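A structural walkthrough
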Amino acid sequence: MAVFLLARWLANQPHIPAEWRHGARGQLELASSSLPQLAPFLGAELKGIKMPNGQLSAPTSLATSESARWIADDHRRNAQLEARLQAAYALEAGQVTLVFSEGREITLKTHARGYLGLGAMFWLLSAFATILYLVGWIVPLVQPQFRNALYGLMAHAQAAQLLLAAMGSVQGLALPPSLTLADPIIRILLDLITGAAVVHAITIHPRRLPGGGFMAVAVWLLVVAYALVFTQPGAQGSWWVAQGILLCEGALTIGLLHWSYKISPHPFALVMRRFGDVTLITLTLLTLAVAMLPMLPQEVQPAAAAGPVIWGVFFASIVLLIPFIARSQNVMREFAMLAGVSTVATSVDLLFVAAFSFSQFASLTLSLFLALGAYAAIRHWIVQQMMGARTLTTERMFEHLYRIAREVEARPERAGDRMAELLRHVFEPLETVFTHGTDRHSRISGNGAVLLVPMPNLVQGPDTDGMVALRFAERGKRLFTPEDARLADRILEQLMRALAHDRAVERGRSEERTRIAQDLHDDIGARLLTLMYKSPSKEMEDYVRHTLQDLKTLTRGLAAQSHPLSHAAAEWKSDITQRLAAVKCELEWSASYDQDLTLSVVQWSALTRILRELVSNAIAHSKAQHVSIECTLEQGHFSIVMIDDGVGREPKRWSHGLGLGGIRKRVKMLGGSVHWQEREPRGVRCEVLIDSLR
């Protein structure tokens, strides 16, 4: 709706059907026109346009150039706005008088531009904006999370940026005055908002960074401050300040991604950091080229508008590519890379003209050949840096194989999907389809176009459970060979052996845990029960009774094969309540989770001991009167936040003995992190974060 309303608005604007070219001195010359009245003036210089009040406005090449957003000099930007406004006001009168060289004049009536007069670039950029707009809605709707809302914000901001570029691409003597005035500042604010949203999103994904909230607030306040100060009439240096903020946001984004990956390695952080490097270098190069624009000859300055347009398409394609990065969409990746090459080529072209005074044709040809040559020479390296190496080494294959074996053990219902995923990583087919079949070995079909691989039933036994058809290996670069069929059989054989080995090991562990639990229950439990009945005091009897209860919980946990999270949380609450009640400490308990996961024995044991040690510290060292514990599971991320009002201070100076050391060791074993910090006016806050509890 917005695109067609904008198209209708522009199509109804007053217009003179004529095309203009830019002379060597910056003047406008009539290049062509469909009006017979203008035929005698072809090639003549336009001296001015008579305003409705009789004054003569002398337009220059700035009047028909692109947006003032990419003009660094305040004086030239104001001159462009003034020239475009005067031309727009003259056209709005419905009748315009053009004054050409040698004093020749002609009075013409303006006509509606019409849809055909908008040009192909308007529709192409509008279509791209529509796609980006839809993706900006789809991502938050599919997964309603705050980080996806930030992605929607940056996608919609860049979609609006593309729409403004589409309107600016419409050829003519002038655009509507309202668009001329609002276009530069709106474009700058959209870029700043996008940069702030990117920084904010990086502080919470792929992991929450310490102090990230303060950095996000600071970046947003910086954008608000710019909007309040530099959108006022007469503000000086607004372009330089805006570009400085954008470059700082880019550098901060790369730094945060590097920090996030260092704290907790995540492929998304690594890939986005590489994309960020390319984007920041491109923006820096474009900024230098635009800053040197006044040094260019007058006849090539209008061509400089191509650089910002290509940059807008390149940056919008990067934003569009973000949801697809994990799935490595090749078309989107190549489009983003080619857009980046085009931006670099245009920027190098401008630098050649400014620094070496080359002609427009020579500089454009040289920069294009240099950019394409560099792209062809280092394309493979660029792909590896941006998306990671695609060659699956033996080490990576076995690492992936054993990871899938663990996932199949945890979630047997997804065994077929995981096996198909392994085959996709090995052969990289264009298409993967499940089909029926009972073959015991892999085979080639369609003269090598299809590889049929039997899917063994990993959960119930060796019988095949259908087949998977892989079409065209290495993304369509080659056909399958008999060696590929034998490799597929070996992979499935190794997967089944890994599963059998894991089951045997787990069966032995389970039997040993059951034996230990039985011995503890029969021997230690019996002795504690005798000691409880022979205790000399009521306090000693209660203490032994609680110890006996702890022993029962431990033995029951060791003997159980799995532990639902809801049951484990109930046991934790009961155990902690009894321990804190014995020392007259109040407990505030909260537990919420979006799904009831089944904990393995290792996970249950580690979490149980982490909570027990935290509570022991609150009892023995903190002397707390009130303890608050909050357990949360959201999208696989599990957290424990414990707050007390005790006397503990300066966690950084605590000695890490068996207690704190044991907590850190168990949290690290679960793939998480633990942090302590002081609370005001008293007490300590401990936060345990486990990235993936599945």
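As for the overall build of the protein
A tally of regular secondary structure across the protein gives 18 helices and 19 strands. With 694 residues in all, the protein has 46% of them scored as buried. Across the protein, the fraction of contacts at a sequence separation of at least 24, relative to all contacts at a separation of at least 6, is 68%. Only carbon and sulfur atoms are counted for the fraction: they give 60% of the accessible area of the protein, which is about 35400 Å².

Here we look at the environment of Cys248
Along the chain, the position of Cys248 falls in helix H7 (residues 238-263). Among the residues examined, Cys248 registers a relative accessible area of 53% and is labelled exposed. Through-space distance from the C-alpha of Cys248 to that of Val219 is 9.8 Å; in sequence the pair is 29 residues apart.

A short note on the packing of aromatic side chains
If you walk through the whole model with that rule in mind, you get 8 aromatic pairs. Where Trp239 meets Trp240, the ring centres are 5.0 Å apart and the plane angle is 90°; that geometry is what we call edge-to-face. Since its relative accessible area comes to 47%, Trp240 is described here as partly exposed. Aromatic pair Phe427 and Phe480: ring centres 5.9 Å apart, planes at 75°, arrangement edge-to-face.

Here we look at helix H1 (residues 2-11)
Looking only at H1, the buried set comprises Val3, Ala7, Leu10 and Ala11. Down the axis of H1, the buried side of the element spans an arc of 100°, and every buried residue falls inside it. The outward face of H1, more than 90 degrees from its buried face, is lined by the exposed residues Leu5 and Arg8. Check the buried side of H1 and you find it contacts strand E8 (111-112), helix H3 (120-142) and helix H4 (146-168).

With respect to a nonpolar patch on the surface
There is a patch of nonpolar side chains on the surface, built from Tyr133, Leu134, Trp137, Ile138, Leu141 and Val142 and spanning about 650 Å² of accessible area. Counting through the fold element by element, Tyr133 comes out in helix H3.

Describing helix H17 (residues 601-622)
Look at H17: 30 Å from first C-alpha to last across 22 residues, which is about the 32 Å you get at 1.5 Å a residue. Phi for Lys623, located one or two positions after H17, is positive at around 55°.

Some details on the sheet that holds strand E19 (residues 684-690)
The strands that make up a sheet are held in pairs by hydrogen bonds between backbone atoms, and each pair lies either parallel or antiparallel. Across the sheet, which stays open at both edges, the 5 strands sit in the order E14-E16-E17-E19-E18 with mixed pairing between neighbours. Where the open sheet ends on each side, the last strands, each with one partner, are strand E14 (586-593) and strand E18 (672-678). This sheet shows a mean twist of 10° between the axes of neighbouring strands, independent of strand direction. As paired elements, strand E16 (residues 626-634) and strand E17 (residues 637-644) share 8 bridges and run antiparallel to each other. Paired with Cys631 across the bridge in E17 is Ile640. Of the strands in this sheet, E14, E16 and E17 touch helix H16 (residues 565-582), which is tilted by about 175° from E14. Its contacts with the sheet place H17 against E16, E17, E18 and E19, and it is angled at close to 10° to E17.

Examining the nonpolar core
Core analysis: the largest hydrophobic core is formed by 65 residues, its most contacted members being Phe122, Leu132, Tyr151 and Leu162. Elements that contribute at least two residues to this core include exactly H1, H3, H4, helix H5 (177-204), helix H6 (212-229), H7, helix H8 (267-291) and helix H9 (306-321). The dominant element in this core, judged by the number of residues it contributes, is H4, at 12 residues. One finds Cys631, Phe638, Met642 and Leu660 within the second-largest nonpolar core, a separate group that totals 37 residues.

Comments concerning the pairing of strand E6 (residues 95-100)
Across the 6 residues that make up E6, a large majority, 5, are buried. As paired strands, E6 and strand E7 (residues 105-109) are joined by 5 bridges and run antiparallel to one another. Residue Val99 lies in a different strand from E7, and its bridge partner there is Glu105. Here E6 folds back onto E7 in antiparallel fashion, the turn holding 4 residues, of which Glu102 has a positive phi close to 65°.

A word on the environment of Glu588
Summarising the element assignment, Glu588 is placed in strand E14. For the pair formed by Glu588 and Ile643, sequence separation is 55 residues and the distance between their alpha carbons is 9.6 Å. Those residues within four positions of Glu588 in sequence are excluded, and the remaining contacts are His626, Val627, Ser628 and Ile629.

Parameters at a glance
Residues numbered from 1 in each chain as written. Predicted model: local features only at pLDDT ≥ 70, side-chain atom pairs only at ≥ 80, totals over all residues. Heavy atoms only, no water. Helix = DSSP H or I, 4+ residues; strand = E, 2+ residues; numbered from the N terminus. Buried < 20%, exposed > 50% of the residue type's maximum accessible area, 1.4 Å probe, protein only. Contact = heavy atoms within 4.5 Å. Areas by Shrake-Rupley, 256 points an atom, 1.4 Å probe, with all protein chains shown as cover. Phe/Tyr/Trp six-rings, centres within 6.5 Å; stacked < 30°, edge-to-face > 60°. Arc of directions from axis to C-beta. Patch = residues over 30% accessible without salt bridge, like charges linked within 9 Å, V, L, I, M, F, W, Y side chains within 5 Å. Salt bridge = Lys/Arg side-chain N within 4 Å of Asp/Glu carboxyl O. Expected span 1.5 Å × (residues − 1). Pairing = 2+ DSSP bridges. Axes fitted to C-alpha atoms, helices over the stretch in contact; angles between N-to-C directions. Core = buried A, V, L, I, M, F, W, Y, C linked by side-chain atoms within 4.5 Å.

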